[in-house]
Amino acid sequence: MRFLQYETGPNDRDRRLDRVLRTFLPDTELGELYKAIRKGLIRINDKKTAQNYRIQEHDVISVAEFLVHPDGSRKDTEPGDDGRELEILFRNSQLLVINKPYDIPVQKAQKGQLSLDDIIRTRYRPEDHSLSFNPGPLHRLDKKTTGVLCFSQNLTGARTFSELIQSHEVTKTYVALLSGVLDHDETWTDFITKADQDDHTPKGFHTVSVSESAGPEGKESITMVHPIATGSHKGNPLTFAVIRILTGRTHQIRSQCAAHGYPLLGDTAYGGPAIKASQDFFLHALTLSFPPDTSLDIPEEIRAPLPEAFKTFIAANFDGENRQKIDFFTLQPYNITTD
């Protein structure tokens, strides 16, 4: 009988064998795993073991091949990678930060769809490989939103980042092109709920609705908007605005901007006027700011330059004085690694 061997890493240490197995044999029923362990079809360091065995770093788990490839095939199980270039803003042993490109989802919404999660898992494997840990996104951006996006590189980094998010110590700053003229700062506090889908809604896409009262499922959403410059697109006024969100709800910026009379230019899903451009609308996660002296060993601010399509649209629809105001917010990003 042929056995496949897997060496454990630092993030597997002291985890139960059955829980580690579930990460790379997700389609095998737990009862079948226990049965395979009892029969010696799954071994530790070439010896029979118990299902509650605590993994040590550099243990070798041997698994009968038919459990890994039950149909007898040996297909490449790595996720896809379409070869596109990704702009790396920062990387160390704990975090990988990229400038998310336009029109690719962070995680797949349907089978067969390529995602950034797939690309990162394929192309940027952590040096300290572990069976029970895979690099993954630590927050979300919409498919058509660009900008700063963080992925984990080890379990410590993932936990620390999540703790900072939960304690509201990470600040997210976006820039966007809004329909209309916003001439003063505004802070919006609303409640967001998921809207009902209809037969015309694309699979995997959900809009949200905004109201002033919580209701049974409403989630409080706080957004601060600061106008920087005004322009005009085919006779329609528009505003380049800096947006900070104090909560992280699905489509928060898009829905609240629309609800308060300033839908994103081109965001037809939320009532914005349609445009003919290389992007449907322009929403960019400009910076991610961290508290000083975190264990992540990361700069206090990571900044993602605007996509070329965004810069081209600005050049065509804002005059020189307003473009200078915008330039202040398009400084060069950090390109630092501590590897």
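Residues numbered from 1 in each chain as written. Predicted model: local features only at pLDDT ≥ 70, side-chain atom pairs only at ≥ 80, totals over all residues. Heavy atoms only, no water.

Colleague: Teacher, can you tell me more about the nonpolar core here?
Modeller: Note on soluble globular proteins: their nonpolar side chains tend to be buried together. Among the nonpolar cores identified, the biggest contains 28 residues, and Tyr 174, Leu 178, Ile 243, Ile 253 and Leu 264 are the most heavily contacted of them. Mapped by element, the contributors of at least two residues to this core are strand E5 (95-100), helix H4 (116-123), strand E6 (146-152), strand E7 (171-179), strand E11 (236-245), helix H6 (252-259) and strand E12 (283-289). Beyond its immediate chain neighbours, meaning those up to four positions away, Ile 243 contacts Lys 172, Thr 173, Tyr 174, Ala 176, Thr 223, Met 224, Val 225, Ile 253 and Cys 257. Among the nonpolar cores identified, the runner-up in size contains 18 residues, and Leu 89, Phe 90, Cys 150 and Ile 302 belong to it. (Core = buried A, V, L, I, M, F, W, Y, C linked by side-chain atoms within 4.5 Å. Buried < 20%, exposed > 50% of the residue type's maximum accessible area, 1.4 Å probe, protein only. Helix = DSSP H or I, 4+ residues; strand = E, 2+ residues; numbered from the N terminus. Contact = heavy atoms within 4.5 Å.)

Colleague: Help me out: how do you make sense of the packing of aromatic side chains in this one?
Modeller: Aromatic ring pairs: the centre-centre distance and the angle between the two ring planes describe each pair. Taken as a whole, this structure holds 4 aromatic pairs when the rule is applied. Joined through ring pairs, the aromatic side chains of Phe 240, Phe 282, Phe 310 and Phe 313 make up one cluster. (Phe/Tyr/Trp six-rings, centres within 6.5 Å; stacked < 30°, edge-to-face > 60°.)

Colleague: Whenever I open this one, unusual backbone geometry confuses me. Can you help?
Modeller: With glycine set apart, most residues show a phi of negative sign, and most peptide bonds adopt trans. Here the phi dihedral of His 58 falls at roughly 75°; this positive angle occurs in a residue that is not glycine. Mapped onto the secondary structure, His 58 falls in the loop between strand E2 (42-44) and strand E3 (60-64). Within the chain, His 251 stands out as a residue other than glycine whose phi angle is a positive 55°.

Colleague: How do you make sense of helix H7 (residues 308-317) when you look at a structure like this?
Modeller: For an α-helix, 3.6 residues make a turn, and residues three or four places apart therefore share a direction. Buried residues of H7: Phe 310, Phe 313, Ile 314 and Asn 317, and no others. Projected down its long axis, H7 carries its buried residues within an arc of 100°, all on one side. Every exposed residue of H7 that faces more than 90 degrees away from the buried side is listed here: Glu 308, Thr 312 and Ala 316. (Arc of directions from axis to C-beta.)

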